[in-house]
Amino acid sequence: MISVEEQLARVLAGAAELPHETVPVDAAHGRVLAVDLRSAIESPRDANSAMDGYAVRRADVRGASPDAPVALRVVGEVAAGSGHDPVIGPGEAVRIMTGAPVPADADAVVPIERTADADWAADPVRIAEEPAPAAHIRPAGDDLGAGELVLPRGIRLTARALASAVGAGVGELDVVARPRVAIIATGDELAEPGAPLARGQVHDSNSLLVAALAVEQGAVVVHRGRAGDAPGALDAEVRRVLEASVRPDLIVLTGGVSAGAHDPVTRLALEFAKVAMQPGKPQAFGRIDGVPVFGLPGNPVSVAVSFEVFVRPFLAVLQGLDPTRPTERAIADEAWRTPVGRRQYQPIVAQRVDGVLHVRPASDRGSGSHLVGRLARAEGFAVVPAEVAAIRVGDEVEVMLG
Ligand SMILES: Nc1nc2c(c(=O)[nH]1)N[C@H]1C(S)=C(S)[C@@H](COP(=O)(O)OP(=O)(O)OC[C@H]3O[C@@H](n4cnc5c(N)ncnc54)[C@H](O)[C@@H]3O)O[C@H]1N2
Ligand code: MOO
């Protein structure tokens, strides 16, 4: 048996960041930013009003108060979006709306509520407050200076990040290419989701599990198929994938990697390993025509764990992201057994109590790697060192969430 670290090192050995591409901001959600993004503009472009009210010259309204309002003639109006810059002479004011550019002659905005009549029809308008210098004016460049760093390279573009990018005057972003993943579930026993099962059959949940996990990690699924155990079937399916017009960056196979007499992955030219982990012991990895191929063990919980431990870091490296997974300390609220000699990845449910993370196994039916029905409850995995034989109530465990 080899350690998880040894197998991970094998998997990551040839992995490198994919090429970059430029995409419209609309298509960048979830992509990884390839270069630092600096603001293309000063934002806001113009000094603009933070309130609906009147643009005034402060010199005209010194000492204004509710008891001694100052009357100004209304000589115009600017609404948001107006490119207009009306002249404001002594004793004059301009109606201004939130977001509208402040006329060059004004040096303060008085909100409508601070006028004696609080009525847009009032003319003259009676200003009932002496505004502070630049009151309610958002200066140009208040949000972003031209050239200011907005987003650092290597982040995944969230909705908020995209809003900042658009605010920075950018219409396109340089992003890392999405890893293209091909998935082939192997086994004669596999049936379509929802299909009635004949004796010996099982629904293929693995190919969808891998596809959805890969998409969650920023990948795009270019092929999802199944291959039976007959000699040549998997080979033919792999060939089809490799010869398709869109070549994948990786192929993920599930099932057929262990010691069975019909395990088809074992006939491929991959490197096979028994990894000291549970679940996920039998693993295969290699390159076929230069394309990385993962052979994950067929049990659904083994697939979920193998993806977290090997495929997810690989996808991270392809996207220029840190492959290390942050872990947290947690307290076990329930006891469970764990195999000595293999690092256990126990699906867990988690709960924070007074800031302390508490976990218990997600399955109430043991840690069988076939328990796909319990996978939905898992909120993460407890990672138990190989030398530990049992977790007792109150023990501290390391947990990777999500
Ligand atoms: N003699 C030995 N037998 C087994 C060993 C071993 O070391 N010696 N290892 C066991 C362990 S651990 C695992 S894990 C499994 C891995 O087996 P395979 O990768 O060959 O997987 P299969 O035999 O094809 O399937 C295992 C199990 O999972 C079900 N399955 C397969 N594909 C899917 C799918 N797409 N969706 C849902 N379920 C799937 C399959 O029906 C089997 O029940 O080997 C042990 N045996
Ligand atoms: O290692 Mo297998 O993955 O126990 O279930």
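Residues numbered from 1 in each chain as written. Chains lettered and ligands numbered in written order. Predicted model: local features only at pLDDT ≥ 70, side-chain atom pairs only at ≥ 80, totals over all residues.

1. Some words on the overall build of the chain
Secondary structure summary: the chain contains five helices and 27 strands in total. For the chain, the C-alpha radius of gyration of 31 Å lies well beyond 21 Å, the compact-globule estimate for 402 residues. If one aligns the C-alpha atoms of the chain with their principal axes, the spans along those axes are about 95 × 55 × 40 Å. Considering the chain as a whole, with its 402 residues, one finds that 38% of them fall into the buried category. When contacts within the chain are restricted to residue pairs at least 6 apart in sequence, those whose partners lie at least 24 apart make up 71%. (Helix = DSSP H or I, 4+ residues; strand = E, 2+ residues; numbered from the N terminus. Rg over C-alpha atoms; globule rule 2.2 N^0.38 Å. Buried ≥ 20, exposed ≤ 12 C-beta atoms within 10 Å, placed from the backbone. Contact = placed C-beta atoms within 7 Å.)

2. A short note on the UniProt feature "domain: MoaB/Mog" (unreviewed entry) in the chain
Within this numbering scheme, the UniProt entry marks residues 182-317 as carrying the feature "domain: MoaB/Mog" (unreviewed entry). Summarising residues 182-317: 29% helix, 30% strand, and an end-to-end C-alpha distance of 17 Å. (UniProt positions renumbered as here; feature names shortened; annotations may be inferred.)

3. Topic: the sheet that holds strand β6 (residues 92-96)
One open sheet accounts for five strands, arranged β7-β4-β6-β5-β8; its pairing is mixed. Because the sheet does not close on itself, it has two edges, and the strands there are β7 (108-111) and β8 (125-127). Sheet twist, expressed as the mean angle between neighbouring strand axes with direction ignored, is 45 degrees. Bridge count between strand β4 (residues 53-56) and β6: three bridges; the pairing is antiparallel. By the bridge assignment, Tyr54 is partnered in β6 with Arg95. (Pairing = 2+ DSSP bridges. Axes fitted to C-alpha atoms, helices over the stretch in contact; angles between N-to-C directions.)

4. Looking at the site of ligand 1
Near ligand 1 lie 27 residues; those nearest to it are Asn206, Gly255, Ser258, Pro297 and Gly298. Contributing elements (two or more residues each) for the shell around ligand 1: α3 (206-216) and α5 (300-318). Considering only residue class, the shell around ligand 1 consists of nine nonpolar, 14 polar and four charged. (Near = placed C-beta within 6 Å. Nonpolar A, V, L, I, M, F, W, Y, C, P; charged D, E, K, R; others polar.)

5. Some words on helix α4 (residues 233-243)
Looking at α4, one finds that the buried residues are Leu234, Glu237, Val238 and Val241. Summarising the axial view, the buried residues of α4 lie within an arc of 100 degrees, below the 170-degree limit, and thus occupy one face. Those residues of α4 that are exposed and angled more than 90 degrees off the buried face are Ala236 and Glu243. Among the structural elements, β12 (180-186), β15 (220-227), β16 (250-254) and β19 (282-288) are those in contact with the buried residues of α4. (Arc of directions from axis to C-beta.)

6. Some points on the environment of Thr338
Mapped onto the secondary structure, Thr338 falls in the loop between β22 (336-337) and β23 (343-353). Classification of Thr338 by C-beta neighbours within 10 Å gives buried; the count is 21. Remark: the alpha-carbon pair of Thr338 and Val293, spanning 45 residues in sequence, is separated by 30 Å. In this structure Thr338 touches Gln344, Gln346, Val384, Val388, Ala389, Ala390 and Ile391, once residues within four positions along its chain are discounted.

7. Focus: the site of ligand 2
Close contacts around ligand 2 come from Gln278, Pro279, Gly280, Lys281, Pro297, Asn299, Ser302 and Ser369, and that covers them all. Looking at side-chain class alone, the shell around ligand 2 contains two nonpolar, five polar and one charged residues.

8. Focus: the domain arrangement of the chain
As assigned here, the chain comprises domain 1 (4-17 + 177-318), domain 2 (20-41 + 152-176), domain 3 (48-138) and domain 4 (328-401). Centre-to-centre, using C-alpha coordinates, domain 1 lies 31 Å away from domain 2. Taken together, the four residues of domain 1 in the interface contact six residues of domain 2. Of the residues that constitute the side of domain 1 that touches domain 2, the class distribution is one nonpolar, one polar and two charged. (Domains from an automatic or database assignment.)

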